[in-house]
Amino acid sequence: MGSGGNSKTVVWFRRDLRIEDNPALSAAARDGSVLAVFIWCPTEEQQFYPGRVSRWWLKQSLIQLGQSLKSLGADLVLMKAQSTISALIECITAIGATKVVFNQLYDPVSLVRDHVIKQKLEELDVPVQTYNADLLYEPWEVYNDEGYAFTTFNEYWDKCLKMQNDPVIRLPPCRLVQAEGSVEDCTIEELGLEDESEKPSNALLGRGWTPGWTNAEKALTTFIENHLIGYANDRQKVTENSTSILSPYIHFGEISIRKVFHSVIMKQILWAKEPNHHGETNATYFLRSIGLREYSRYICFNFPFTHEKSLLSNLKHFPWQANQAHFKAWRQGRTGYPLVDAGMRELWATGWLHNKIRVITASFLVKCLLLPWQWGMKYFWDTLLDADLECDILGWQYISGSLPDGHELHRLDNPEVQGFKFDPEGEYVRQWLPELSRVPTEWIHHPWNAPSQVLQAAGVELGLNYPKPIIDIEIARDRLTSAILLMNEKESASKQEDNNCEGTNEVVVDNGDSANLPIPKVLLRKEKKPCPSTSSNDQKVPSMHKEVSVPNNNNYNNNKIDRKRSKLLEGQEPDEYNLHDCKTESGFAETDDDLCSTAVSSSASKKQKQATGTISDRSRILGVHLNRSSTFSFNFRSFSNLGFMESQGQKTSNNPKVLLSSLMSKRQKLQEELRTIEKQVYELETSYLQESSNFGNVWRGYEGFLSSSKNTTNLKRSRKFQHEDRLFSLSSVTSPATEELNAGREEGRSDLGPGRPKGGGLTINGQGKPKKGRTGPRDGRKIRLSNDMDDDDDDHDMGGMR
Ligand SMILES: Cc1cc2nc3c(=O)[nH]c(=O)nc-3n(C[C@H](O)[C@H](O)[C@H](O)COP(=O)(O)OP(=O)(O)OC[C@H]3O[C@@H](n4cnc5c(N)ncnc54)[C@H](O)[C@@H]3O)c2cc1C
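Residues numbered from 1 in each chain as written. Predicted model: local features only at pLDDT ≥ 70, side-chain atom pairs only at ≥ 80, totals over all residues. Heavy atoms only, no water.

Moving on to the sheet that holds strand E1 (residues 7-13). Spatially, the five strands line up as an open sheet ordered E3-E2-E1-E4-E5, and their pairing is parallel. The open sheet has two edge strands, strand E3 (76-80) and strand E5 (128-131), and neither has a second partner. Taking each pair of neighbouring strands and ignoring which way they run, the sheet shows an average axis angle of 25°. In the sheet, strand E2 (residues 32-40) pairs with E3 via five bridges, with the strands oriented parallel. Paired with valine 37 across the two strands is valine 77, which belongs to E3. Here helix H3 (residues 52-72) sits on the sheet in contact with E1, E2 and E3, set at roughly 165° to E2. (Pairing = 2+ DSSP bridges. Helix = DSSP H or I, 4+ residues; strand = E, 2+ residues; numbered from the N terminus. Axes fitted to C-alpha atoms, helices over the stretch in contact; angles between N-to-C directions. Contact = heavy atoms within 4.5 Å.)

See the structure below:
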């Protein structure tokens, strides 16, 4: 197939980054020569400019798509533009195009933009053809008997499954003919999807994820062959890779949803023949998940206001509490509710979350903190690797009582109860909250109730190294009830007012839930260079290597600080956890360096804390645990003296020569001191890791430590420690441990240290240990499960499949 006609077609790629079942590409190839183009126009993305991790994924996918198109005979032209329409017109002019083709999108931003572009091209007499590459059925194909859009998922999906015409997969082109003519294109780097400062953080993502359409195919096959069979039950397990983990691939169109659907149906038919009823049921569950994604597009198309307003107009009068401190605590995973905090830290560190954890963290924001759901939706948008506007909207509307078949507004799930339900052994919490790793399972989801001796033995001091609950759950329940009452009262009053308006029966419902509560814009403070992203809460996984200049204040000099952190992900313990620091309770344009703390940090104050405070924080953690070792006596305060001595040196003389030689000699003294200290740290860490190899430690966890039974977990932990287990001594480039590691590398060992397989995922301490279970492209995401909007066993609504 291919190049049968004389057409010259511009193929505009967006979120359909694949060759297979790409109807726009196939149609263009069939008709003649093609100019394949991807246009990046940041200003048009507006408030939904993609976050860092999402842009990283896009960049990798574009690279693979470019290679694939080239192998078929055409280049992928990359254009960075001020306006998409002008870039398209440039392409049309360059090749004398006879038409433009692209695949449809259904999110509110694209709907408006595509409509305008179509109109303008038609005015210019350039024919435009659009195709469905993203859905089984177009939103306008599925209506109820009266011709209205469905507003409940079950009815919608039922109708889809009964549609007469089956979704059809298009064959890929076997060759492409490049259209003649050239445009001003750019390289993938010039496209600007990844800022220089983001690269170190992004490199970590590459350890766990392999974007690109060929990898999507592999991920699908692995899932269908190995995991589909247990999907219905396994998707409830938050500690395992129990779901397909296809969401980022699906979002960028790297795999056709019709192909996913067909592959699962085929498997279901085989199971039906065997017969394997269990397999059949599991396939049905999975198809339902695909259905939820379809439904997200359906809702956005038919109710295009849903990115701002709830589908039900009930939330219009809800008294949201715009408490910035609470929002910050939620983002940082400092609410004092371990399951919520673990989820938020995982999101921050990996850019991915299991559906169950998405529901729990999102519900906590809305129901316990009474923060507007749109704030949470925007934060998810900014931080998720699979950030997908329609799915994000549907998820947040679902948990906030905005949908007829979603969670009811008054339903408040207790994270403590959910913890024991979905993380019964506390594994998930221990993985992401190392400060709680020694808390016995009995108390892990409600440490505030634990006897003080238990907390003491676990090295936990509530309010110090782990926060007290941000709000008591019963108080939260009362607040929610009062808020709903107030909302109802306001609604009745407003109805009454409407009724009193004589002479008019017409009411314009603007459904403006939170018109007065704009999504906070969190700017990075004291940035030398502004963040490239306009995304408000752009999340960054901390850097491993970073040089940042520090202003000459607070006893710091102007030297560049080289913060090489080979194993520990700097800032993976957000270091501004003290809520009292957060003074701004109102004022939405708060500057917020906590986001840089999730990040390759850039603020001066941040640097200072990292150089001193962070170390002393860690010393506290290490100290707590190392108290077990009688040899521990190192005083970390020596580090914080460095800056002080430097500034003192500057006071001794104004003669630059004298000053220089005094500084040089001080530097030498400090280097010697540092060497001694690092040796001490190295030795102490070695003895700690050796001593603790049998009962676990702060890095590897303590499960089973307090239990008398000798289970396999304990046995698993009885191993000789490895280089990768080091944390403190590897956080410095000059320590003996780093030197050892470098020597190992030179001898040809893995960069990741002995014993660590490549391809491991990121963990809270950045050591990148691989997840148990799957290998290959799935390894990086930690999480697992579920599909449905709702997840609980007792749910019988939208997501429920009981
Ligand atoms: C508050 C909230 C926000 C969310 N934001 C996003 C988002 O930005 N992007 C995103 O892709 N998903 C989002 N989801 C939906 C869901 O959590 C993820 O799609 C799912 O966890 C992805 O994992 P998976 O690929 O392993 O899913 P699987 O369980 O293997 O499901 C397969 C596919 O079905 C689709 N799907 C599954 N569950 C849902 C669902 N509840 N809603 C819509 N589609 C679904 C996804 O495309 C998913 O990849 C959100 C859910 C909630 C509650």
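Next up on the list: the UniProt feature "coiled-coil region" (unreviewed entry) in the protein. Summarizing the sequence annotation, UniProt attributes the feature "coiled-coil region" (unreviewed entry) to residues 660-687 in the numbering used throughout. Counted over residues 660-687, helix gives 100% and strand 0%. Its end C-alpha atoms are 40 Å apart. (UniProt positions renumbered as here; feature names shortened; annotations may be inferred.)

Positionally, valine 460 belongs in the loop between helix H21 (452-457) and helix H22 (473-500). In the structure, valine 460 is positioned 24 residues away from leucine 436 in sequence and 6.8 Å away in space, judged by C-alpha atoms. Those residues in contact with valine 460 that lie beyond four places of it in its chain are Glu435, Leu436, Val439, Leu455, Asn465 and Tyr466.

Okay, the pattern of salt bridges next. Counted by the stated rule, this structure contains 29 salt bridges. Ionic pairing is found between aspartate 114 and arginine 14, a salt bridge with its closest N-O pair at 2.7 Å. Note that aspartate 114 is positioned in helix H5 (residues 108-123) and arginine 14 in the loop between E1 and helix H1 (23-31), a separation of 100 residues in sequence. Here the two residues aspartate 114 and arginine 14 agree in accessibility, since each one is buried. Notably, a salt bridge pairs glutamate 435 with arginine 345, separated by 2.9 Å at the nearest N-O pair. Within this pair, whereas glutamate 435 is found in the loop between helix H19 (427-432) and helix H20 (441-444), its partner arginine 345 is found in helix H14 (residues 338-350), the two being separated by 90 residues in sequence. Look at glutamate 435 and you get buried, because its relative accessible area is 12%. (Salt bridge = Lys/Arg side-chain N within 4 Å of Asp/Glu carboxyl O. Buried < 20%, exposed > 50% of the residue type's maximum accessible area, 1.4 Å probe, protein only.)

Below, the discussion takes up the environment of serine 310. Within the element layout of this structure, serine 310 appears in the loop between helix H12 (277-302) and helix H13 (324-332). Considered as a pair, serine 310 and tryptophan 373 are 63 residues apart in the sequence and their alpha carbons are 9.3 Å apart. Reaching out from serine 310, the side chain makes a polar contact with the backbone oxygen of leucine 312 at a distance of 2.5 Å. (Polar contact = N/O pair within 3.5 Å; in protein donor to acceptor, adjacent residues only side chain to side chain.)

Further remarks concern helix H7 (residues 199-208). Taken residue by residue, H7 has Ser201, Asn202, Leu204, Leu205, Arg207 and Gly208 as its buried positions. Along its buried surface, H7 packs onto H3 and H14.

Where helix H8 (residues 213-226) contacts helix H11 (residues 257-273), the axes come no closer than 11 Å and their chain directions differ by 25°. Accordingly, the angle class assigned to the pair H8 and H11 is roughly parallel. Judged by the sense of rotation from one axis to the other, the crossing of H8 with H11 is right-handed. Counted together, Glu217, Leu220, Ile224 and Glu225 of H8 and Lys259, Val260, Ser263, Val264 and Lys267 of H11 form the full contact between these two elements. Of the residues assigned to the contact of H8 with H11, the class counts are four nonpolar, one polar and four charged. (Parallel < 35°, antiparallel > 145°, perpendicular 65-115°, else oblique. Left-handed = near helix turned anticlockwise from the far one by under 90°. Nonpolar A, V, L, I, M, F, W, Y, C, P; charged D, E, K, R; others polar.)

For the rest of this paragraph, the subject is the nonpolar core. Within the largest apolar cluster, 145 residues are counted, with the highest numbers of intra-cluster contacts made by Phe318, Trp330 and Trp396. Residue contributions to this core peak at ten residues, all from H12. For tryptophan 330, the residues in contact, after removing those within four places along its chain, are Thr335, Val340, Met344, Thr361, Phe364, Leu365, Leu369, Gly376, Tyr379, Phe380 and Trp396. Ranked by size, the runner-up nonpolar core spans 23 residues in total, among them Leu88, Val100, Phe102 and Val183. (Core = buried A, V, L, I, M, F, W, Y, C linked by side-chain atoms within 4.5 Å.)

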